[in-house]
Amino acid sequence: MTTPQLSALSVPQAFDLSGRVAVVTGAGRGIGRAIASRLAEAGASVGCADVVPDTAEETVDLITAAGGTAWSQPVDVTDRVAVDALVADAVARHGHLDVMVNNAAIITDSLVLDTSEEDLDRVMAVNFKGVFFGCQAAGRVMKEQGSGSIINLASGAIDIPTPGLITYSAAKVAVAQLTRTLAVELAPFMVRVNAIAPGWIDTPMNERHARRPDGSVDPEKKAEYVAQRSKVSPMGIPGEPDDIAFAALYLAAPAAKFVTGVVMRPNGGSTMPI
Ligand SMILES: NC(=O)c1ccc[n+]([C@@H]2O[C@H](COP(=O)([O-])OP(=O)(O)OC[C@H]3O[C@@H](n4cnc5c(N)ncnc54)[C@H](O)[C@@H]3O)[C@@H](O)[C@H]2O)c1
């Protein structure tokens, strides 16, 4: 779907995704759910993919209850064949794919010297190979179409060497470089490839620091942790999933037609690389 000259569009038109088709991985909760919801609210039909199928189904229910269009698909992004099938399914349903959001990720906490080969492989498989497979599957379709927007989730951890986060941050650095490389490779085909590197966002991923031994979240511990993490940014506030969803909406929308190879950093000013 080609984008007209922006000078011909009103502000609502520049952010309108009516008739567009999007797929979001890790759409069952947190940032992925917010992105799927906002893309649907802007008019896109959204494929909600997650390794936990019930949660993706819940996201679909929320979107349809709000008047949007969505479908769910179970997928483990480490499985290349399954990721290819996810994209093929979107194209079979709608005839095209306009937006691919490679959002699914996991996190483990361990110092470099304590990191097991198993953890290294697992985090790299989900956080880098999963994004790589999503880029390949969507990129092939979009190159053929001559249009599309791929959005990869990196992390603020790409800018700050953080003790205990080596597997996660190394995978995210690789995601940033994949994004920039693919942006150059697909630019002649009018396919845009960008990344978002969020600062600290209040999502289930970060509740791991406030979990009791039985797995439930301790609200007091969580509040303490949120307050502590908020101080990390000059703005002194925590991020919310919609801070990232609106960044994704911009990158998906006609408004960003000249934007590719960018790593956006919605992070309250935590890092400001030139
Ligand atoms: N929350 C933050 O502070 C933060 C900061 C920077 C970057 N990010 C990135 O934003 C993205 C979303 O983070 P979040 O905080 O919402 O995480 P989350 O853990 O709350 O949600 C991640 C979702 O991905 C799904 N998922 C995990 N492994 C999968 C797999 N193999 N296949 C398919 N789905 C899988 C999970 O089931 C879950 O629904 C991730 O890429 C994360 O690295 C988050």
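Just above sits the structure.
Computed from a predicted model, the values in this text were never measured in an experiment.

Conventions and cut-offs
- Residues numbered from 1 in each chain as written.
- Predicted model: local features only at pLDDT ≥ 70, side-chain atom pairs only at ≥ 80, totals over all residues.
- Heavy atoms only, no water.
- Core = buried A, V, L, I, M, F, W, Y, C linked by side-chain atoms within 4.5 Å.
- Buried < 20%, exposed > 50% of the residue type's maximum accessible area, 1.4 Å probe, protein only.
- Helix = DSSP H or I, 4+ residues; strand = E, 2+ residues; numbered from the N terminus.
- Contact = heavy atoms within 4.5 Å.
- Polar contact = N/O pair within 3.5 Å; in protein donor to acceptor, adjacent residues only side chain to side chain.
- Near = heavy atom within 4 Å.
- Areas by Shrake-Rupley, 256 points an atom, 1.4 Å probe, with all protein chains shown as cover.
- Nonpolar A, V, L, I, M, F, W, Y, C, P; charged D, E, K, R; others polar.
- Domains from an automatic or database assignment.

S.K.: I would appreciate a short explanation of the nonpolar core in the present structure.
M.R.: Looking at soluble globular proteins, one finds that nonpolar side chains tend to be buried together. Membership of the largest hydrophobic core comes to 36 residues, with the highest contact counts inside it found for Ile35, Leu39, Val46 and Cys48. At the level of elements, strand S1 (21-25), helix H2 (30-41), strand S2 (45-50), helix H3 (53-65), strand S4 (99-102), strand S5 (148-153) and helix H8 (241-252) are the ones that each hand at least two residues to this core. Take this core: its biggest share by element is 7 residues, from H8. Beyond its immediate sequence surroundings of up to four residues, Ile35 is in contact with Val24, Val101, Asn103, Leu153, Ile244, Ala245 and Ala248. Counting residues in hydrophobic clusters, the runner-up holds 34 residues, among them Trp71, Ala137, Leu178 and Ala197.

S.K.: Teacher, can you tell me more about the side chain of Thr108 here?
M.R.: Along the chain, Thr108 falls in the loop between S4 and helix H5 (117-145). Looking at Thr108, the relative accessible area reads 8%, which means it is buried. Of note is the side chain of Thr108, whose polar atom sits 3.1 Å from the side chain of Thr167. If we ignore the near neighbours within four places in the chain, the residues touching Thr108 are Asp119, Arg122, Val123, Gly164, Leu165 and Thr167.

S.K.: Which parts of the structure should I look at to understand the site of the ligand?
M.R.: Taken together, the neighbourhood of the ligand is formed by 29 residues, with Arg29, Asp50, Asn103, Tyr168 and Thr203 sitting nearest. Within the backbone of Asn103, an N or O atom sits 2.7 Å from an oxygen atom of the ligand. Expressed as a share of its isolated accessible area of 840 Å², the protein-covered part of the ligand is 94%. Those elements that provide at least two residues to the shell around the ligand are H2 and helix H6 (166-186). Along the lines of polarity and charge, the residues of the shell around the ligand split into 17 nonpolar, 8 polar and 4 charged. Looking at which domains feed residues into the shell around the ligand, each of domain 1 (11-201 + 240-264) and domain 2 (203-238) supplies at least three.

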